[in-house]
Amino acid sequence: MTCLREERIYYSQQFLGATLDLRSQILFRRFDACEFINCNILIDTATEQLAFTGCIFKDCNIDRLVADEARALIVYGNIFERPLAERKADFDRRLTKAQLRARTKRTANAC
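Residues numbered from 1 in each chain as written. Predicted model: local features only at pLDDT ≥ 70, side-chain atom pairs only at ≥ 80, totals over all residues. Heavy atoms only, no water.

Chemist: Pulling in residues and values, what's your account of the overall build of the protein?
Modeler: Looking only at helices and strands, the protein has one helix and 10 strands in total. Reading the helices (α) and strands (β) of the protein from amino to carboxyl end gives β-β-β-β-β-β-β-β-β-β-α. Here the protein has a C-alpha radius of gyration of 21 Å; the compact-globule value for 111 residues is 13 Å, and the former is much larger. A total of 111 residues make up the protein; the buried ones form 23% of that total. Considering only residue pairs separated by 6 or more positions, the protein has 16% of its internal contacts joining residues 24 or more positions apart. When the accessible surface of the protein is split by element, carbon and sulfur atoms take 53% of a total near 7,900 Å². Here the protein carries 18 positive and 15 negative side-chain charges, and the mean point of each set is 12 Å from the other. (Helix = DSSP H or I, 4+ residues; strand = E, 2+ residues; numbered from the N terminus. Rg over C-alpha atoms; globule rule 2.2 N^0.38 Å. Buried < 20%, exposed > 50% of the residue type's maximum accessible area, 1.4 Å probe, protein only. Contact = heavy atoms within 4.5 Å. Areas by Shrake-Rupley, 256 points an atom, 1.4 Å probe, with all protein chains shown as cover. Lys, Arg positive; Asp, Glu negative; His and termini not counted. Charge placed at Lys NZ, Arg CZ, Asp CG, Glu CD.)

What follows is the structure, encoded as structure tokens:
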């Protein structure tokens, strides 16, 4: 059985497709320089004693974390990358726009 005052520190670990159910718990957990890829991270207003520092979130269900001193939620230096499908759609849109611009420039120079 886990002692209430036990602190767990995860450093530079990678979580792939994991579901972290941290709801309504006093956790004493730190995630430092970890990478979360395609994860579901469940946090509610009753979650306490939790830290995310220098983590990278890719294709996760969250797009931001808010620090809360009263609940001892520590959040800083994290990177939230947009979902892969959204980044691909943005790339395709910019590529199409660049191709149209190049074609327009070619036809203008040909005249």
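Chemist: An account of the side chain of Thr53 is requested, with residue identities and associated values reported.
Modeler: Positionally, Thr53 belongs in strand 7 (residues 48-53). Accessibility expressed as a relative area gives 8% for Thr53, which makes it buried. Within the structure, Thr53 has its side chain in polar contact with the side chain of Asp32 (distance 2.3 Å). Setting aside residues up to four positions removed in sequence, Thr53 forms contacts with Arg30, Phe31, Asp32, Ala33, Ile74, Tyr76 and Asn78. (Polar contact = N/O pair within 3.5 Å; in protein donor to acceptor, adjacent residues only side chain to side chain.)

Chemist: Got a sec to walk through the state of the cysteines? Specific residues and values, please.
Modeler: A complete count under the given rule lists zero disulfides for this structure. Between Cys39, a free cysteine, and Cys60, which holds the nearest cysteine sulfur, the sulfur-to-sulfur gap is 4.8 Å. (Disulfide = S-S within 2.5 Å.)

Chemist: Tell me about the sheet that holds strand 4 (residues 26-32), and name the residues and values.
Modeler: Read across the sheet, four strands follow the order 1-4-7-9 without closing on themselves; strand pairing throughout is parallel. The open sheet is flanked by strand 1 (8-11) and strand 9 (73-76), the only strands paired with a single partner. If you compare each strand with its neighbour and ignore which way they point, the axes differ by 10 degrees on average. Two strands pair when backbone bridges link them, and strand 1 and strand 4 are joined in this way by four bridges, in the parallel orientation. (Pairing = 2+ DSSP bridges. Axes fitted to C-alpha atoms, helices over the stretch in contact; angles between N-to-C directions.)

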